[in-house]
Structures are given as structure tokens and as C-alpha cells.
Amino acid sequence: MVKKICVFGSGSFGTAMATLVARNDPLADVVILTRREDVQRGINVAHKNPTHCSEFTLSRNIRATTNSEDALRNASVIVHAIPLQSTEQFLDDVIDHIPRLGEIVFVSTSKGIETETLELPCHLLERVLYRQKEKSRRRTNVKLAYLSGPTFAKQLINETPSGAVMAARTMALSRKACGYFASPSFRCYPSTDVVGVCVGGALKNVVAILAGGLEGMGFGVNAVALLVTRGCREMTRIGIAMGASATTLGGLAGVGDLMLTCLGADSRNKAVGFAVASEDKSVAEVLESRAASLAGVAEGVATAPAAAKLCDELKVDAPIFKACDQILKGKITTKEALHRCMTLPVRPDAPLRRKGFVKRTLFAHVVTAGLAVFVSKRRSKGKKEGKDV
């Protein structure tokens with residue numbers, strides 16, 4: 001049988017993921033599930049995505065559809081490239097069409113922290129796919145993996161040498177998932193540190209907003225290097241408190257992705273920070289302008305307030321992440337945030353420790369699980385009452 005791979009999402013990264021798996025297996029039937037009819041028509045007729053990465057001609061074994069039943073019929077691999085804040089609603093609409101027979105490898109590329117439940121992608125997807133209340137909707141045959149690293153979409157498509165980490169609960173599954181993406185131009189490293197990969201992918205976007213702010217204020221690489229290094233320190237501190245490995249956060253899924261997002265010209269999060277610091281516009285105006293131009297979602301905007309809340313619950317000191325939250329809420333300017341961080345008391349750069357790790361981790365899981373149940377119930381109640389929750 002011809003292998004069928006379904007890609008959720010037709011944005012830049014969904015298009016890049018479809019390109020990677022289609023290039024690896026020219027005989028595979030790669031189907032992009034999109035909500036846009038113009039994208040469906042453009043890919044199926046002209047072999048180009050008219051809204052994202054439109055300068056590239058896509059492989060002939062890539063097609064698109066707006067019909068989730070058609071996209072998922074007989075699929076054995078799913079690649080999820082939907083923004084995290086939209087993930088639960090998206091999956092709720094398509095979950096009944098995921099095949100019940102056979103093992104389904106589900107690779108998520110979503111990055112961020114869910115704003116209400118404070119869940120990482122691994123927590124949210126496991127809850128939605130494995131612990132649905134309705135037994136008929138559970139998908140125990142879905143095997144989850146998470147891909148993250150320093151990867152701009154267009155450079156993946158044009159075969160710039162790149163690399164990322166693929167994390168799953170077992171090394172066997174991680175290696176299997178790597179096989180769908182690895183190629184001479186793309187290194188895919190297997191890992192079992194699911195939390196570490198998700199933490200790195202989420203938090204680097206917050207630091208990138210501040211990196212854009214520094215550039216928008218006219219500061220040079222000294223300032224950016226200071227921010228990126230201390231931001232990596234805070235990111236690692238948060239990750240360890242959640243059960244991640246410092247090794248993961250010091251690799252491609254952590255510092256590697258952080259460097260790309262903070263220094264790369266194509267960074268959406270950096271662009272938001274630059275616009276807020278250099279233009280006489282509010283955060284809302286900047287985001288509205290980006291949405292109108294289809295510039296793509298800057299995940300760090302939603303992640304920053306969630307990260308600040310998470311740091312409070314974990315009792316982790318993270319002034320850089322809290323500063324970004326305050327900027328995005330309009331409580332302080334980028335200049336004021338910089339002054340606050342630069343005038344903090346200087347303390348010894350002590351080794352990162354797991355002191356109190358078990359207690360903090362258990363507390364974090366209990367809180368996120370409780371919030372997830374509460375939010376899920378509230379959303380279900382709202383749907384029954386016909387409200388938009």
C-alpha cells in the first residue's frame with residue numbers, strides 16, 4: 001500500500017513539513033489539511049501554496065484538501081503544524097476521523113504554553129487524544145512524538161543544512177518518527193526528553209520578542225548576547241523545575257532554537273518585539289497589522305503571560321520572562337524593562353540544581369491537570385449553551 005501522511009495546517013511550517021516527508025518518500029500520498037479553498041486549489045492545480053512559501057514549487061505527491069475525513073482516511077502518519085492555542089479546538093473537530101486501526105504516528109510541531117491551562121504541547125495532546133471523557137473518542141492507537149529545533153520553514157524547503165530533536169516517550173518511537181523526516185539536508189536526533197523539547201520550543205519565543213526589542217532600540221550584539229545567554233539560563237531553570245534535562249535545553253531544542261529565533265531575520269517573534277520597540281504602536285496594533293498581512297502567528301505573545309504564571313507556581317526566579325509579560329500587557333515599555341533587568345542585584349552564577357524538583361514537578365502537574373479539567377468542562381458547557389467560550 002502507498003503510505004498516506006496527513007499534515008494538519010497549511011501555514012509556512014505545515015508546508016515545510018509536507019515538503020520534508022514528501023521528499024523522503026516520493027511514493028507517499030502527502031495530504032495537507034487546510035481550511036482555505038484557495039490554498040487547496042493552488043496546491044492541487046499549480047503545486048504552490050499561494051499564501052505561504054509561494055516561491056517554491058511543491059512535490060507532485062503533495063496535495064491539499066479542506067475535508068478532514070478525506071485527509072485522514074487510511075493515514076498512518078499525522079504531522080501536526082497547528083498553533084498551540086488553536087490545537088484543542090482543531091483536534092476536537094477532526095478526532096473522529098483519525099483511523100482506529102493500526103498504529104498512527106502523530107508528530108507535533110506546536111510550540112508554546114496553553115494560556116488557560118498552562119499545559120505544554122505534550123500535556124495538552126496527551127489529554128485531548130488519550131483522556132477524552134467519551135470512550136468512543138479516545139485514540140490509544142495514536143503514538144505521540146514532538147519535533148523541535150532551529151528550523152525556519154523556507155530554509156527547510158530549500159534544503160539548507162538543518163537539524164532538530166524528535167522526542168517521544170520511548171526511544172523506539174522517537175527513532176521511528178525520525179525516519180519520516182531525516183535526510184542528507186536534515187539531521188533528526190532522537191530523544192526521550194519530551195518535556196525538555198516542549199519547554200525549549202515554547203520559551204525561546206518569549207526571549208526572541210525581547211531580542212527584537214533590543215534591536216528596535218538600536219542596541220548591538222553585546223546586548224543581544226547578554227539577553228540570549230541569561231534567557232537560556234532562565235529557560236533551563238524552568239525546564240529543570242518541570243522535569244526536563246539540562247542537556248536537552250543546552251542542545252538544538254533549547255539553545256539552538258533560541259539562537260535562531262533571537263538572531264534570525266525571519267523570526268516572527270523577534271519582528272513583534274522590534275515593531276513594539278521601534279514604532280509608535282501598541283502590541284494589539286502590531287498583531288493586527290501582522291494578521292492582515294498573513295505574516296504568521298508569533299507564539300511568544302501568548303506564551304509570555306503563561307510562562308510568567310508558570311514561574312510563579314513553580315517558584316522559579318525568571319525576571320526576563322516576567323519583563324516580557326509586562327511589556328506585552330502595556331504595563332512597562334521595553335526601555336523600562338531593560339532598566340529593571342540591568343539594575344537587579346547581581347548574584348553568583350550558581351550551578352542549576354534539582355533541589356525540591358520532585359515537589360515542584362508534582363505541584364506543577366497537579367495544577368495544570370486541574371486547570372485543564374476546569375477549562376475543558378467550561379468549554380463543554382459553553383458549547384451546550386451555544387456560547388463562544
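For the structure, check the block above.
Summarised in this report is the structure supplied together with it. (Residues numbered from 1 in each chain as written. Predicted model: local features only at pLDDT ≥ 70, side-chain atom pairs only at ≥ 80, totals over all residues. Heavy atoms only, no water.)

## Some details on unusual backbone geometry
Threshold: Segments assigned H or I by DSSP are reported as helices when at least four residues long, segments assigned E as strands when at least two residues long, and all are numbered from the N terminus. Here the term buried applies to any residue with accessible area under 20% of the maximum for its type, exposed to any over 50%, and partly exposed to those in between, with areas from a 1.4 Å probe on protein chains only.
Phi at cysteine 53 takes a positive value of approximately 55°, unusual for a residue other than glycine. Relative to the helices and strands, cysteine 53 is located in the loop between α2 (37-46) and β3 (62-65). You can call cysteine 53 buried: its relative accessible area is 4%. Of note, leucine 118 is a non-glycine position whose phi angle comes to about 60°, a positive value. Looking at the element boundaries, leucine 118 is found in the loop between β5 (104-108) and α5 (121-130). Here leucine 118 falls in the buried class, since its relative accessible area comes to 2%.

## Let's talk about the pattern of salt bridges
Just so we agree on the cut-off: By convention in these notes, a salt bridge is any Lys or Arg side-chain nitrogen within 4 Å of a carboxyl oxygen on Asp or Glu.
The tally for this structure, following the rule as stated, stands at 17 salt bridges. For aspartate 70, the salt bridge is made with arginine 73, and the minimal N-O distance between the two is 3.6 Å. For lysine 204, the salt bridge is made with aspartate 257, and the minimal N-O distance between the two is 3.6 Å. Note that lysine 204 is positioned in helix α8 (residues 194-216) and aspartate 257 in helix α11 (residues 252-263), a separation of 53 residues in sequence. Pair check on accessibility: lysine 204 and aspartate 257 agree, each one buried. Look at the salt bridges and you will find they share partners, linking Asp29, Arg63, Asp70 and Arg73 into a network.

## Regarding the packing of helix α4 (residues 84-94) against α5
This is how the line gets drawn: Only the contacting stretch of a helix is used when fitting its axis, a line to C-alpha atoms as for every element, and angles between N-to-C directions run 0 to 180 degrees. Any angle that is under 35 degrees is reported as roughly parallel, and any over 145 degrees as roughly antiparallel; angles of 65 to 115 degrees are reported as roughly perpendicular and all others as oblique. Pairs of residues are marked as contacts when any of their non-hydrogen atoms sit within 4.5 Å. Lys, Arg, Asp and Glu make up the charged group, whereas Ala, Val, Leu, Ile, Met, Phe, Trp, Tyr, Cys and Pro make up the nonpolar group; the residues left over, Gly among them, are polar.
Packing of α4 against α5 brings their axes to within 11 Å, and their N-to-C directions diverge by 10°. Relative to α5, the element α4 lies roughly parallel. In this structure, α4 contributes Leu84, Thr87, Glu88 and Leu91 to the contact, and α5 contributes Pro121, Leu124, Leu125, Arg127 and Val128. Its residues assigned to classes, the contact of α4 with α5 comprises 6 nonpolar, 1 polar and 2 charged.

## Description of the nonpolar core
Where we set the bar: Here the nonpolar core consists of buried residues drawn from Ala, Val, Leu, Ile, Met, Phe, Trp, Tyr and Cys, with membership extended through side-chain atoms lying within 4.5 Å. Segmentation of the chain into domains, including their bounds, is taken from an automatic or database domain assignment.
Phe8, Phe106, Ile113, Leu120, Ile238 and Phe321 are the most contacted members of the largest nonpolar core, which totals 80 residues. Ranked by residues supplied to this core, first place goes to α8 with 14 residues. Of the domains in this structure, domain 1 (4-192) and domain 2 (196-343) are the two that each give at least three residues to this core. Beyond its immediate stretch of four places on either side in the chain, isoleucine 113 contacts Leu84, Gln85, Leu118, Glu119, Leu120, Ala202, Leu203, Ala302, Thr303, Ala306, Ala307 and Leu310. Listed in part, the 37 residues of the second largest apolar core include Leu58, Val107, Phe181 and Phe186.

## Points about the packing of helix α9 (residues 221-241) against helix α15 (residues 319-328)
Close contact between α9 and α15 brings their axes to 8 Å; oriented N to C, the two are set at 105°. Judged on the interaxial angle alone, α15 and α9 are roughly perpendicular. On α15, the residues that touch Leu227, Arg230, Gly231, Glu234, Met235 and Ile238 of α9 are Pro319, Ile320 and Phe321.

## Thoughts on the environment of isoleucine 240
Structurally, the position occupied by isoleucine 240 is in helix α9. Considered as a pair, isoleucine 240 and glycine 196 are 44 residues apart in the sequence and their alpha carbons are 8.2 Å apart.

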